[in-house]
Amino acid sequence: MQNEISKEYSAQQVADFESFISGLERLTADLPVLSSEDKNSFVKTPENASDWMNNMLIRSRQNLPHLPRSFDPDGVAQDLRLNEVISPFLLRLQRVSDRLHSAQFLARSDAFSALLSARRALKDAQVAGVDDDLSEGLRRFFTRGAKAAPTPALAATH
């Protein structure tokens with residue numbers, strides 16, 4: 001029987017998670033959320049462009065008379081600082097997210113595997129009502145390996 005994860009959180013730990021997430025939501029409430037279509041409408045920045053952008057900002061500040069009046073070096077500097085502040089947090093959050101996704105996957109997989117075994121044992125013991133509450137998706141899951149009997153309409157055409 002599969003048992004890849006065995007972890008339980010105390011009520012205090014769950015409250016800590018909730019508090020932490022609520023704090024993050026408050027800190028980021030004024031940040032935009034972009035759809036895929038929104039993102040596609042903006043310039044894509046290459047991964048290794050940070051040094052170039054910092055150097056270009058310096059050159060731009062040194063040569064402001066040659067740039068359009070609409071160029072705002074202070075706004076660009078603010079954007080670069082925001083990127084520098086957010087980047088390490090995003091990397092750390094991604095690692096936490098990966099751990100949470102993996103733990104959730106394993107917990108569901110362990111539980112489903114154990115319950116499949118329980119279902120099989122109950123079916124073998126001919127316990128009534130074992131599959132009474134199956135959703136359509138689970139019905140398909142359980143019957144996908146079994147040969148379906150032809151429906152009367154299909155049998156008549158073959």
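Residues numbered from 1 in each chain as written. Predicted model: local features only at pLDDT ≥ 70, side-chain atom pairs only at ≥ 80, totals over all residues. Heavy atoms only, no water.

A. Structural detail: helix 4 (residues 73–124). End to end, helix 4 covers 74 Å across 52 residues, agreeing with the expected 76 Å (1.5 Å per residue, within 8%). Of all bends in helix 4, the biggest is about 30°, found at isoleucine 86, and the proline proline 88 comes one to four residues later. Burial in helix 4 covers these residues: Pro73, Gly75, Ala77, Leu80 and Asp110. Its buried side turned inward, helix 4 meets helix 3 (50–62). Positive phi shows up at glutamine 126, right after helix 4, with a value of about 55°. (Helix = DSSP H or I, 4+ residues; strand = E, 2+ residues; numbered from the N terminus. Expected span 1.5 Å × (residues − 1). Bend = angle between axes of the 7 residues up to and from the residue. Buried < 20%, exposed > 50% of the residue type's maximum accessible area, 1.4 Å probe, protein only. Contact = heavy atoms within 4.5 Å.)

B. Representation of the pattern of salt bridges. Tallying each qualifying case throughout the model produces three salt bridges. Here aspartate 74 ties to arginine 61 by a salt bridge, and the two come within 3.1 Å at their closest N and O atoms. Of this pair, aspartate 74 sits in helix 4 while arginine 61 sits in helix 3, and the two are 13 residues apart along the sequence. By relative accessible area, which is 38% here, arginine 61 ends up partly exposed. The network of salt bridges with common partners includes Arg119, Lys123 and Asp131. (Salt bridge = Lys/Arg side-chain N within 4 Å of Asp/Glu carboxyl O.)

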